[in-house]
Amino acid sequence: MNQAHFDQDNPFLLAGISVYQAARLIRDEDPKIVCLDDHRNKPTRPPALWNDAVVMGNLASPACAAVLDLPAVIGTTNAAPRVSGDKWARLGGTWRDVVGVLTKHPERVDKGGDALFFADSELTGKRRNGVEFFYKLKDKIQTVYAVAIDVDGGCTVESVIDRLRDKGLFGVIYTTHSHTSKGGPGSDRFRVILPLVEPFDMGTGNDRKDRAAEWEARYVGLCTELIPQGGEWDFSASRPSQLMYAPARPKGATFKHCVIAGRGLDLSTVPKGDASPYRKTGATCSARGAAHDGEPAFLSDGFDLMAWHADHGEYFLLESFLEWIGWDVGGPAGEGFDILCPNAAAHTSGGDTAWAIDGLDAENGATIFCHHSHCADLRTWDFLRMLEETAVLPDGFATLSALICDPSLYPSEIDGEPVEVCRADYVEEAVKVEWLKTPAAVKRTFAALSDRSPETAFAALYAGVAKGGSRAPAVAKLEELMKGLGRFGANDLKRLAGEGRKLLEADRKAHAAEKAEEAREELAAALTREDLAHPSMDPAEPLGDDLNSSLATLARRFAAVDLDGKFRIVRKPDLEAFKSETDSTIAVYRKEDFVDLHLDRQVKDGDSLVNPAKVFLETEKRKSGLVFAPPPHACGSNDFNMYQGRKLKAKPGDWATLRDFILRVICNGDEAKYQWLILWMAHMVQRPGEKPGTAVICRGEGGTGKGTFGALLMRLTSPHCKQLEKEAHVIGQFAGEHLSKCVLAVVNEAVFGASPRVSSELKALVDSTTMQVEAKGLNVVTVPSFIRLYIDSNDALPVLIEGNGSERRYFVLETSTAEKQSITYFARVRDALAGDEMAGLLNYLETYDPADAGLDWADVRTAPETAERKVMGWHSHRPPVRRLLEVLRDEEVTLIVDGCPETFQRTEEGLKVHRGAFRDYIANAGDKRRAEDRDVAGIFARLFPGKVLTEGQGRVGTVANARWWCFPPEVLGDVEAPASSHPSSQTNVCER
């Protein structure tokens, strides 16, 4: 095919663009699109894509839609190829789901990682994150859902596409990761995935062998029809359990990837082919025999592979074992199969393949053999020992030797006769030093040995006699028996006696270490014994009568943590025993302070008195640090979570008094305000770990319930709340230390005033999801912030409302005066706060659904406008600004011009005023020393961006020639300026 013809017909070079470039021209994620009609006709538009794959044909056709709706099961992993045969996730769905995965072609460094196979298998009984695991083992495959063909070159993707389209078959084709590096000119390396109309049943029992032979024959027949002559396809891919790497390519590499729309493959219509030519010759029988000579080989735990093989190798299912440990198993080769040689790294030339055979099919047991010169001296057990270094053990197996001895790797019977169960005693037991006090004990232990026993076993006899006290009769009996053995000379016996003394010393050390470990484990177990702990969380209360109960109590009350690189002991809070609602609940101790705190609580440990605090510090597991993680956040298993839930417990019940208080008094009877406030409170209860970014400001006269409502909110969040009164406690340098452990701060009688700096810090506290904590003696750290603010005040301007969009943070209320200082009413409210009504309110908030009120949780992030917020916004302006707004609202102003009062009123052209007199009028409301208070034009520009303040010179009022300003008609009359401020405070902070 010449280049011109290639450019015309190749679906991957449409109008001169590659699929890599085409993927950036069009990205259609909907697989139901109508796609290219025929890639052999030059298209007039860019190709349609399914993810990264070019689509050929009509995916919406009935035949194609039927394929995509067929059920499919695949096994997947993101850890290929080193993944054991029981760690494959089973994913079930439709072929539409599978193709959605197969059409993504990401860039990655190598091909390893994501892989899959297209079959259902026996479940392992385990799952992770709700996904079941099943086996990727040849003997456990049950049903095959697709034919997967691996083409290693010799033909192009386009040539196979032509054959698939001629047959009208559905398929996915993608080039492999090594395509650009190993595919020669006119040759591609690629994979073909063909969904089956009817899944192929691999059969059971005696039928399984026949079904496997039919699968191989149909597979060969299909590949012969689809792959052009000269194409090299890998027969290993015929294995239903063979993994296929998911599509991937090196960074910047070109690739070919397409989906061919058509019908599913009916395997029964495929003619059978002859699989025998595709089975490799394999090793010779003589080589297999030679594989059983050589020296023993041991696994790391001392397992004798040679001795095991001699006893059980004839039945060992080597192929299943290799699949278990994630080893690369290839296609059939003679009576056996090809595998990646475990010693491939030492091969200097040639391939990296070895040959293997199951024990049942071999003359001398399960065998691994490699023809490479560097493997000439290696035997089967040598290769198995090499596999230990890279084997991925299945779940439930701690060692490779345990897997080798597992019954599933041996047939239960052959020809009706049971097979001997594999023993697991090929690890030589450690020599034991026993107490040998009498001649009879020496004789009995000696008789258990043979003349082939290692020297260490005889040295252990000398150690045992010494351990028994070196009694003369026992010593004499040992000398008699050792000389009578005839194996050792006099010098040998002296040497063995010396070795015995060393063994005894090692035995004593091991015994002491074992006892120490047992004691440590007992103490560590005591730390988890709630039944032993003292019920009180008060650190001044007793610990217990013994060391174990003392440790259990300390573990209940304290945690050892890393706090910013310093070791500290944290006192755990007691939610049932607070001194007050504002108790800090958590205290941090230095090591020496913690030990000193418990000097008076020493207990007996054996014959000694010990301070249990010291033992606690030596035994308690360390926490990585302190975190404050309210739900839905979850802290790590190695963190200490300072969020300990809430003290108040919910209980269904009536809360009519509290509802009346919130609606009629706090919200002044406004139902809309009530609904948003309840949303804010429910969000605080249900999602304390999601910061709303809004604060509640409650203004009102004294005795109207502002503080009572703050107490209600604190009961809902206790103990993770603070009541604050000073500005420094809210936005001061050390405020973060206590606010970082709270979900609510109640600020009483707050007057933050009009300071822009304070306003900026307050806004950051309200909506920032982090805060800086500067605890004494520790570095400044940034931690998550979950704080909400409730601010009550009787001041006209407790917080600056700037009118630049930041006001969305503040929900401003004015309490009703209907129950002002009503002793009877507020006595009922206080009783409700202390009684069951609070439990009923909490229950309502815990079950609250914002949709019932026509709201959404997202609505909590924007505080709605209220009349009270507008008033605060008005008072947030400096006096000159308010004076200007009042003039524009009234549409007239009386000024002193040349010493006489003169009134200027609105005309058709606007409000024209004497410039000098007006500037003095505005400036007189503020501070004459502040330039901005005299800058009328600047104030106007900030208030009305985009509007034009006209200025000129000529007649203005009664003055024939003066400089004037004219305010445009559109800014007159509609200016929002309250007629009066809050009745409780006529004086504005800005004027003080």
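Caption draft 1: Expanded view of the overall build of the chain. Within the chain, the secondary structure is distributed over 31 helices and 38 strands. Here the chain, with 992 residues, has 50% of them falling under the buried criterion. Long-range pairs, those at least 24 residues apart, make up 70% of the contacts in the chain with a sequence separation of at least 6. Of the roughly 46300 Å² that the chain leaves accessible, carbon and sulfur atoms contribute 49%.

Caption draft 2: Region of the structure containing the pattern of salt bridges. The final tally for this structure, using the stated rule, is 50 salt bridges. Linked by salt bridges that have partners in common, Asp-86, Lys-87, Lys-126 and Asp-395 make up one network.

Caption draft 3: Spotlight on the packing of helix H21 (residues 671-686) against helix H27 (residues 836-846). Relative orientation of the contacting elements H21 and H27 amounts to 85°, with a least axis distance of 8 Å. It follows that H21 is roughly perpendicular to H27 by the angle criterion. Where H21 approaches H27, its residues Ile-678, Met-681, Ala-682, Val-685 and Gln-686 are matched on the opposing element by Leu-841, Leu-842, Tyr-844, Leu-845 and Glu-846. Tallied by class, the residues present in the contact of H21 with H27 amount to 8 nonpolar, 1 polar and 1 charged.

Caption draft 4: Layout of helix H31 (residues 936-943). Residues Val-936, Gly-938, Ile-939 and Phe-940 constitute the buried set of H31. Where H31 is buried, its residues touch helix H29 (879-890), helix H30 (915-923) and strand E38 (959-967).

Caption draft 5: Looking closely at the packing of aromatic side chains. Applying the stated criterion across every chain, the model contains 33 aromatic pairs. For the ring pair Phe-117 and Phe-134, a centre distance of 5.5 Å and an interplane angle of 25° mean the geometry is stacked. In this pair, Phe-117 sits in strand E5 (residues 113-117) while Phe-134 sits in strand E8 (residues 131-134), placing the two residues 17 residues apart along the sequence. For the residue pair Phe-117 and Phe-134, the accessibility class agrees, reading buried in each case. Both rings, one in Trp-655 and one in Tyr-844, keep their centres 5.0 Å apart while their planes meet at 40°; by these two values the pair is tilted. Of the two residues, Trp-655 is situated in the loop between strand E26 (639-641) and helix H20 (656-666) and Tyr-844 in helix H27; the sequence distance between them amounts to 189 residues. Put simply, the rings of Phe-200, Trp-215, Tyr-219, Trp-233, Phe-235 and Tyr-278 pair up and form one aromatic cluster. The cationic tip of Lys-140 hangs over the ring face of Tyr-135; the distance from NZ or CZ to the ring centre is 4.8 Å. Between Arg-883 and the ring centre of Tyr-921, over which it is positioned, the NZ or CZ distance is 4.5 Å.

Caption draft 6: Quick look at the side chain of Ser-187. Looking at the secondary structure, you find Ser-187 in the loop between helix H6 (179-182) and strand E11 (190-201). Its relative accessible area of 16% is what places Ser-187 among the buried residues. Looking at Ser-187, its side chain comes within polar contact range of the main-chain nitrogen of Gly-154, at 2.8 Å. Setting aside anything within four residues of it in sequence, one finds Ser-187 in contact with Gly-153, Gly-154, Cys-155, Thr-156 and His-179.

Caption draft 7: Summary view of helix H15 (residues 472-485). Here H15 spans 20 Å end to end across 14 residues, near enough to the 20 Å set by a 1.5 Å rise per residue. Taken residue by residue, H15 has Ala-474, Lys-477, Leu-478, Leu-481 and Met-482 as its buried positions. Taken end-on, H15 shows its buried residues confined to a sector of 125°, consistent with a single buried face. Residues of H15 that are exposed and point more than 90 degrees away from the buried face comprise Ala-472, Lys-483 and Gly-484. Where the residues of H15 are buried, they touch helix H13 (439-447), helix H14 (455-467) and helix H16 (490-526). Within two residues after H15, Gly-486 carries a phi angle of roughly 75°, on the positive side.

Caption draft 8: Geometry of the environment of Asp-52. Tracing the backbone shows Asp-52 in the loop between strand E1 (49-50) and strand E2 (53-56). Put simply, Asp-52 and His-105 are 53 residues apart on the chain and 5.9 Å apart in space, counted from C-alpha to C-alpha.

Caption draft 9: Spotlight on the sheet that holds strand E37 (residues 950-956). Spatial strand order, E36-E38-E37: 3 strands in an open sheet with antiparallel pairing. Since the sheet does not close on itself, it has two edges, and those belong to strand E36 (911-914) and E37, each with one partner. Strand-to-strand, the axes of this sheet are offset by a mean angle of 40°, without reference to chain direction. The pairing of E37 with E38 spans 6 bridges and is antiparallel. Counted as the bridge partner of Val-956 is Val-959 from E38.

Caption draft 10: Here's a closer look at the nonpolar core. Membership of the largest hydrophobic core comes to 74 residues, with the highest contact counts inside it found for Trp-95, Phe-118, Val-147, Ile-149 and Ile-173. Top element by residues in this core is strand E9 (residues 141-151). It accounts for 8 residues. Among residues more than four places away in sequence, those in contact with Ile-173 are Val-157, Val-160, Ile-161, Leu-164, Phe-190, Arg-191, Val-192, Lys-256, His-257, Cys-258 and Ile-260.

Caption draft 11: Molecular detail of unusual backbone geometry. A cis amide bond, omega 0°, links Ala-80 with the succeeding residue Pro-81. Here Pro-81 is to be found in the loop between strand E3 (71-80) and strand E4 (88-94). The phi torsion at Asn-129 lies on the positive side, around 55°, for a residue other than glycine. One can find Asn-129 in the loop between strand E7 (123-128) and E8. Phi is positive for Gln-821, close to 55°, though the residue is something other than glycine. Inspection of the secondary structure puts Gln-821 in the loop between strand E33 (810-814) and helix H26 (823-834).

Caption draft 12: Just the side chain of Lys-477, in detail. Inspection of the secondary structure assignment puts Lys-477 in helix H15. Dropping the residues within four chain positions of it, Lys-477 is found in contact with Pro-439, Val-442 and Lys-443.

Caption draft 13: Looking closely at the confidence of the model for the chain. Looking at the chain as a whole, its pLDDT mean stands at 84, while 87% of the residues score no less than 70. Helix H1 (residues 3-9) is the least confidently modelled element of the chain, averaging 32 in pLDDT, while H20 averages 97, the highest of any element. Throughout residues 283-292 the model reports pLDDT below 50, and contacts reaching past four residues in sequence, or to other chains, amount to 25 contacts. pLDDT under 50 marks residues 578-582. Its contacts with residues more than four places away, or in other chains, come to 11 contacts.

Caption draft 14: Expanded view of the pairing of E7. Note: E7 against E8, 3 bridges, orientation antiparallel. In the strand pairing of E8, Arg-128 is matched with Val-131. Here E7 hands over to E8 after 2 residues, with Asn-129 in that stretch at a positive phi of 55°.

Caption draft 15: Seen up close, the state of the cysteines. Applying the stated criterion across every chain, the model contains 0 disulfides. We note that Cys-742 lacks a disulfide partner, and the nearest cysteine sulfur, in Cys-721, lies 6.6 Å from it.

Caption draft 16: Examining the sheet that holds strand E32 (residues 789-793) more closely. Spatially, the 5 strands line up as an open sheet ordered E28-E29-E32-E27-E33, and their pairing is parallel. Since the sheet does not close on itself, it has two edges, and those belong to strand E28 (721-724) and E33, each with one partner. The average angle at which neighbouring strand axes cross in this sheet is 15°, direction not considered. Note: strand E29 (residues 744-747) against E32, 3 bridges, orientation parallel. Its bridge partner being in E32, Ala-745 is matched across the sheet by Leu-789. Running at roughly 165° to E32, helix H22 (residues 706-717) makes contact with strand E27 (695-699), E28, E29 and E32 of the sheet. Of the strands in this sheet, E27 and E33 are in contact with helix H28 (residues 867-876), which crosses E33 at around 105°.

Conventions and cut-offs
Residues numbered from 1 in each chain as written. Predicted model: local features only at pLDDT ≥ 70, side-chain atom pairs only at ≥ 80, totals over all residues. Heavy atoms only, no water. Helix = DSSP H or I, 4+ residues; strand = E, 2+ residues; numbered from the N terminus. Buried < 20%, exposed > 50% of the residue type's maximum accessible area, 1.4 Å probe, protein only. Contact = heavy atoms within 4.5 Å. Areas by Shrake-Rupley, 256 points an atom, 1.4 Å probe, with all protein chains shown as cover. Salt bridge = Lys/Arg side-chain N within 4 Å of Asp/Glu carboxyl O. Axes fitted to C-alpha atoms, helices over the stretch in contact; angles between N-to-C directions. Parallel < 35°, antiparallel > 145°, perpendicular 65-115°, else oblique. Nonpolar A, V, L, I, M, F, W, Y, C, P; charged D, E, K, R; others polar. Phe/Tyr/Trp six-rings, centres within 6.5 Å; stacked < 30°, edge-to-face > 60°. Lys NZ or Arg CZ within 6 Å of the ring centre and 35° of its normal. Polar contact = N/O pair within 3.5 Å; in protein donor to acceptor, adjacent residues only side chain to side chain. Expected span 1.5 Å × (residues − 1). Arc of directions from axis to C-beta. Pairing = 2+ DSSP bridges. Core = buried A, V, L, I, M, F, W, Y, C linked by side-chain atoms within 4.5 Å. pLDDT = per-residue confidence, 0-100. Disulfide = S-S within 2.5 Å.

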